[in-house]
Amino acid sequence: MPGPKTWQLMAGAAAVGLAVAAGAVATAGPWDSGQRTAERAKAAAARQTGGAHHLGAPPAPAPAPSARGVLAALSAPASAPADTALDQVLGPLLAAPGLGPQPAAAVYDTATGKQLYGQRADTAMTPASTVKIATAVAALSALGPDHRIPTTVVAPATGNLLTLVGGGDPTLGKDGLRALADATARALRTRGFTDAALAYDLSRYSGPELHPIGPNENIAPVVALMTDEGRTDGSESGPAPRTGDPAGDTARTFASLLRERGITLTAPPGPGKAPQGATELARTLSAPLSDLVERMLTNSDNDLAEALARQTAVAAGIPADFGGAAKAVADRLAGLGLPQAATARFADGSGLSREDRVSAQLLTLLLARAADPAHPELRPVLTGLPVAGFTGTLRGRYGAASSATGLVRAKTGTLSGVNALAGTVVDADGHLLTFAFLAADTPGPDPAQRALDGLADRLARCGCHTAPAS
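Per chain, residue numbering runs from 1 following the sequence as it is written. It should be noted that, the model being predicted, local features are given only for residues of pLDDT at least 70 and side-chain atom pairs only at 80 or more, the latter also being counted only at that level, while totals for whole chains, interfaces and linings use all residues. Side-chain numbers here rest on the full set of heavy atoms in the structure, without hydrogens or water.

Asks: If you had to explain empty space enclosed by the protein to someone new, which residues and values would you point to?
Replies: Using only the protein atoms, space was sampled on a 1 Å grid; points where a 1.4 Å probe fits but cannot get out form cavities, open sets with protein on both sides within 12 Å along at least five of seven lines form pockets, and lining residues are those with an atom within 4 Å of a point. Grid points are joined across faces, edges and corners, and a volume is the space filled by probe spheres set on the points. Evaluation of the coordinates by the stated rule reveals 2 cavities of 30 Å³ or more. In this structure, the second largest cavity encloses a volume near 70 Å³. Residues are grouped as follows: Ala, Val, Leu, Ile, Met, Phe, Trp, Tyr, Cys and Pro are nonpolar; Asp, Glu, Lys and Arg are charged; all remaining types, including Gly, are polar. Here the residues of the lining of the second largest cavity sort into 8 nonpolar, 1 polar and 2 charged.

Structure below.
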């Protein structure tokens, strides 16, 4: 058929797989009236961020390739020829030098509930940013897709001692701060004040603020109050210079906004705890968690990943530090009935740590659980995955000639010597497969990514659902 527009190609791919997996796109698919939730909120724009996923400028726009055969598979899925068994087609590709000496792989059929292929599938390996899949599942399971992270201003019942209370929303922007300042100034005047003192409360999080990798353009200090992820260059995604004091900068900006509204501050803002029994004067809310998860996965957003891991810890009632967040994520996955979570190790929520350990099998099962009609709260895990050749960290990979373009949706993972790809693909028979490929000791990102993309491309071309489980 003629080449469709980008949104048609993406919608067709999603509809095919989820129609097979769940029986109806309306109840189990990742599309809301043909449009992604995060795109409605402009939260998952086609930009790249996080880790080492940016190997040069994004490519120039190209005509959308054809999605040959995708829609036909809805009504007439083909039989799988015996010579396309996954153990025959993937084995040689996994031997590519670009994947290092001992890669791991797993492929799972969401329609039959069977693992179709495994090579070292249960071996826990460094997942890099594919660990964000686990972070997303845990956060959505703990809080639900409609949860919003608040930032508030409180004061004693009759006073003018203001406290700006950080709730842990790294996406808080100038518009949100202006709205807070408007409401705060009105509340103060209602109380008869045109002057105030201002403190800021970071107590929602605890423990070290710096990620173990140290100061880095891929992540700001992890604190409960910040504006625009602590970026200092006006960017919205990608590596960027970060402020060393995101909370203080946010409080000072808020103080300036109050002055613009005629409120005199008696002293510069400083850190402090909100007084017991304080009354809320104003609040602003983040986008829904569903949108935040999509943005995190599409753009591989490290700041959001660490924030969502800590929100999971807050929901569990345990300290919201690196250790508490790791425990909360692991506990949530175990609570979903995934015994493979017991062998995983979570050192952070973003995958920047080399101490993370996750198996390919666990990643495929997490993705399959997100496609399960019994868990609609997890659907943003699927809708947030980058689309091959079109969005996020897969925008510059694959191409018009690849069978995977528009059909593969996958989370990338890149650290020095570590490369990974985990996601979903609709195969030639219209089956929605989940897959994960993990590689260590790779010779470099380019050969590793070519090999990973070749594996996903081969999955998209084969009728493999009859392959025996290995």
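Don't stop here, the text continues.
Asks: Explain the pattern of salt bridges residue by residue, including any values.
Replies: Salt bridge, as used here: a side-chain nitrogen of Lys or Arg that lies within 4 Å of a carboxyl oxygen of Asp or Glu. Counted by the stated rule, this structure contains 15 salt bridges. Across the pair K327 and D331 runs a salt bridge, and its minimum N-O distance is 2.8 Å. Of this pair, K327 and D331 both sit in helix 11 (residues 322-335), 4 residues apart, roughly one helical turn. Each residue is assigned to one of three classes by its accessible area relative to the maximum for its type, calculated with a 1.4 Å probe on protein chains only: buried under 20%, partly exposed between the two thresholds, exposed over 50%. Assessed through its relative accessible area of 45%, K327 is described here as partly exposed. Ionic pairing is found between E355 and R345, a salt bridge with its closest N-O pair at 3.4 Å. With E355 in the loop between helix 11 and strand 10 (358-359) and R345 in the loop between helix 11 and strand 10, this residue pair connects regions lying 10 residues apart in the sequence. Looking at E355, the relative accessible area reads 40%, which means it is partly exposed. Shared partners join several salt bridges into a network, and the residues in it are E229, R231, R295 and D301. Here a helix means four or more residues in a row that DSSP labels H or I, a strand means two or more in a row labelled E, and each is numbered from the N terminus.

Asks: Which residues make up the environment of S256, and what are the values?
Replies: Position of S256 among the secondary structure elements: in helix 8 (residues 246-260). For S256, a relative accessible area of 31% translates into the label partly exposed. When the C-alpha atoms of S256 and P268 are compared, they prove to be 10.0 Å apart, with 12 residues separating the residues in sequence.

Asks: For the sheet that holds strand 1 (residues 104-109), give the residues involved together with the corresponding values.
Replies: Consider a sheet: its strands pair through backbone hydrogen bonds, and that pairing is either parallel or antiparallel. For two strands to pair, DSSP has to find at least two bridges joining them. Strand order in this open sheet of 5 strands is 2-1-13-12-11, and the pairing throughout is antiparallel. Of all strands in the sheet, those with a lone pairing partner are strand 2 (114-119) and strand 11 (409-415), marking the two edges. When strand polarity is set aside, the average angle formed by the axes of neighbouring strands in this sheet is 5 degrees. Of the pairings in the sheet, the one linking strand 1 to strand 2 comprises 5 bridges and is antiparallel in character. Opposite V107, over in strand 2, you have Y117 as the bridge partner. Any pair of residues with heavy atoms lying within 4.5 Å of one another is described as a contacting pair. To obtain each axis, a line is fitted to C-alpha atoms, and for helices this fit is confined to the stretch in contact; angles are then taken between N-to-C directions over 0 to 180 degrees. Across the sheet, helix 14 (residues 445-461) is in contact with strand 1, strand 11, strand 12 (418-426) and strand 13 (432-440); its angle to strand 12 comes to roughly 20 degrees.

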